[in-house]
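A closer look at the structure
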Amino acid sequence: MSSQINLIKPARLNNEEISCWFTLRNHDSVQQNKFIPGLNLGLNTDESASVVLENRKHLLEETGISENQIAYAVQIHETAVRYVDSGGIYTDTDGFVTDKKDLALAIQVADCAAVLCGDSKNKVIGVAHAGWRGAAGNIVPKTIQQMIALGAEANHIHVFISPCISLKNFEVGEEVAAEFPEEFVDRTNYSKPHVDLRAFIKKQLEYEGIKPKNIEIDDRCTIEVEEFYSYRRQKEKSGRMMGIIKLN
């Protein structure tokens, strides 16, 4: 289906076995009469549910996914990673893994990182919502470990880290900075601590055995680039983008 929806398709996670997408803000989207312009996919935003569900319908049409083939998470910024074998809405979840064919896994973000993982050889996929709480709580290592428990091999897992908040813009208080190793906290170039979320996630992945060459990072900052939603920049007018990975 042809549409005006613009998507990122990570190079390492699109092949015969796996399909993967990350949505942009799409602020020139054809849908009108919205409180939050664009392709807002978050039911946890101030947009009406009917508009968000219509946006999700358009996205599914664009990606060729049927409604019963996708698992959505009701995210709470924690570290629960759930195995799923069917589509639906799953509460209190910030990560998924599956080895079920024709199932897509979805994570919503707006400054946090969506971490999308796939092992094409062993046919196992996973996703994680990695904000500071999830990242510091090891949701990414937990996702990789659960994938390996399903038969994935670390040296065959490819990963995409989505656009997210950058070091330059991720100013935090001392209570947050203390949750991260000092090598990922910049205390010298700013008046308050700044955290390098992307670099921290990459290091976690490498520690779990993921090869650096298998990690694809989109280094654009959601706060600085208008193509993305950003909660820090837009507050209640921020929608949610979505990372989706599907085992074909």
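Now for a quick tour of the structure. (Residues numbered from 1 in each chain as written. Predicted model: local features only at pLDDT ≥ 70, side-chain atom pairs only at ≥ 80, totals over all residues. Heavy atoms only, no water.)

Moving on to the overall build of the protein. For the protein, the helix and strand inventory stands at six helices and 14 strands. For 248 residues, the compact-globule estimate of 2.2 N^0.38 gives 18 Å, and the C-alpha radius of gyration of the protein, at 17 Å, lies within 12% of that figure. Its C-alpha atoms give the protein principal-axis dimensions of roughly 50 × 45 × 30 Å. Once local pairs closer than 6 in sequence are excluded, the contacts in the protein between residues at least 24 apart make up 62%. Working note: accessible area of the protein is about 10,800 Å², and carbon and sulfur atoms make up 47% of it. (Helix = DSSP H or I, 4+ residues; strand = E, 2+ residues; numbered from the N terminus. Rg over C-alpha atoms; globule rule 2.2 N^0.38 Å. Contact = heavy atoms within 4.5 Å. Areas by Shrake-Rupley, 256 points an atom, 1.4 Å probe, with all protein chains shown as cover.)

Of note in the backbone geometry, Asp111 takes a positive phi value of approximately 115 degrees without being a glycine. Within the fold, Asp111 resides in the loop between β7 (103–109) and β8 (113–119). Phi angles above zero are rare outside glycine, and Lys123 is one such case at about 60 degrees. Since its relative accessible area comes to 32%, Lys123 is described here as partly exposed. (Buried < 20%, exposed > 50% of the residue type's maximum accessible area, 1.4 Å probe, protein only.)

Attention now goes to the sheet that holds β7. Overall, mixed pairing links the six strands, which are arranged β1-β2-β14-β7-β3-β5 in an open sheet. Each edge of the open sheet is held by one strand with a lone partner, namely β1 (7–8) and β5 (88–91). Pairing of strand β2 (residues 18–23) with strand β14 (residues 241–247), which is carried by five bridges, proceeds in the antiparallel orientation. Opposite Cys20, over in β14, you have Ile245 as the bridge partner. (Pairing = 2+ DSSP bridges.)

Now for the packing of aromatic side chains. All chains considered together, the criterion is met by three aromatic pairs. With a centroid separation of 5.6 Å and 75 degrees between ring planes, the pair formed by Tyr90 and Phe96 is classed as edge-to-face. As far as burial versus exposure is concerned, Tyr90 and Phe96 are alike and both buried. Taken together, Phe180, Phe184 and Phe200 form an aromatic cluster joined through their ring pairs. For Arg56, the ring lying beneath its charged end belongs to Tyr72, and the centroid distance is 4.2 Å. The ring of Phe35 has Lys237 lying over it, and the distance from NZ or CZ to the ring centre is 4.3 Å. (Phe/Tyr/Trp six-rings, centres within 6.5 Å; stacked < 30°, edge-to-face > 60°. Lys NZ or Arg CZ within 6 Å of the ring centre and 35° of its normal.)

In this section: a nonpolar patch on the surface. A contiguous nonpolar surface patch, about 350 Å² in accessible area, is contributed by Leu43, Leu53, Val74 and Ile89. One can find Ile89 in strand β5. The exposed category is assigned to Ile89, whose relative accessible area is 56%. (Patch = residues over 30% accessible without salt bridge, like charges linked within 9 Å, V, L, I, M, F, W, Y side chains within 5 Å. Salt bridge = Lys/Arg side-chain N within 4 Å of Asp/Glu carboxyl O.)

A few words on the side chain of Ser120. If you trace the backbone, Ser120 turns up in the loop between β8 and β9 (124–130). Within the structure, the side chain of Ser120 is placed 2.9 Å from the side chain of Asn15, a separation counted as a polar contact. Filtering out sequence-adjacent residues up to four positions away, Ser120 remains in contact with Asn15, Glu17, Ile18 and His156. (Polar contact = N/O pair within 3.5 Å; in protein donor to acceptor, adjacent residues only side chain to side chain.)

Now for the nonpolar core. Ranked by internal contacts, the top residues of the largest apolar core, which has 37 residues, are Val115, Ile201 and Leu205. Where this core is concerned, the elements lending two or more residues are β8, β9, α2 (132–136), α3 (139–149), β10 (157–161), α4 (174–177) and α5 (197–207). Beyond its immediate stretch of four places on either side in the chain, Val115 contacts Gly126, Val127, Ala128, Ala130, Val140, Val159, Phe160 and Ile201. Ile107, Val109, Phe160 and Met241 belong to the second-largest nonpolar core, a separate cluster that totals 29 residues. (Core = buried A, V, L, I, M, F, W, Y, C linked by side-chain atoms within 4.5 Å.)

All right, on to the pairing of β9 then. The element β9 is largely enclosed, with a buried count of seven among its seven residues. Going residue by residue along β9, you find Val124, Gly126, Ala128 and Ala130 tucked away on one face and Ile125, Val127 and His129 tucked away on the opposite face as well. In terms of strand pairing, strand β6 (residues 95–98) meets β9 through four bridges, oriented antiparallel. Paired with Thr98 across the two strands is Ile125, which belongs to β9. As defined by bridge partners, β8 adjoins β9 across seven bridges and the pair is classed as antiparallel. Among the inter-strand pairings, Asp119 is bridged to a residue of β9, identified as Val124.

Those residues of α3 not exposed but buried are Ile139, Val140, Pro141, Thr143, Ile144 and Met147. Of the residues trailing α3, Gly151 is marked for its positive phi of about 115 degrees.

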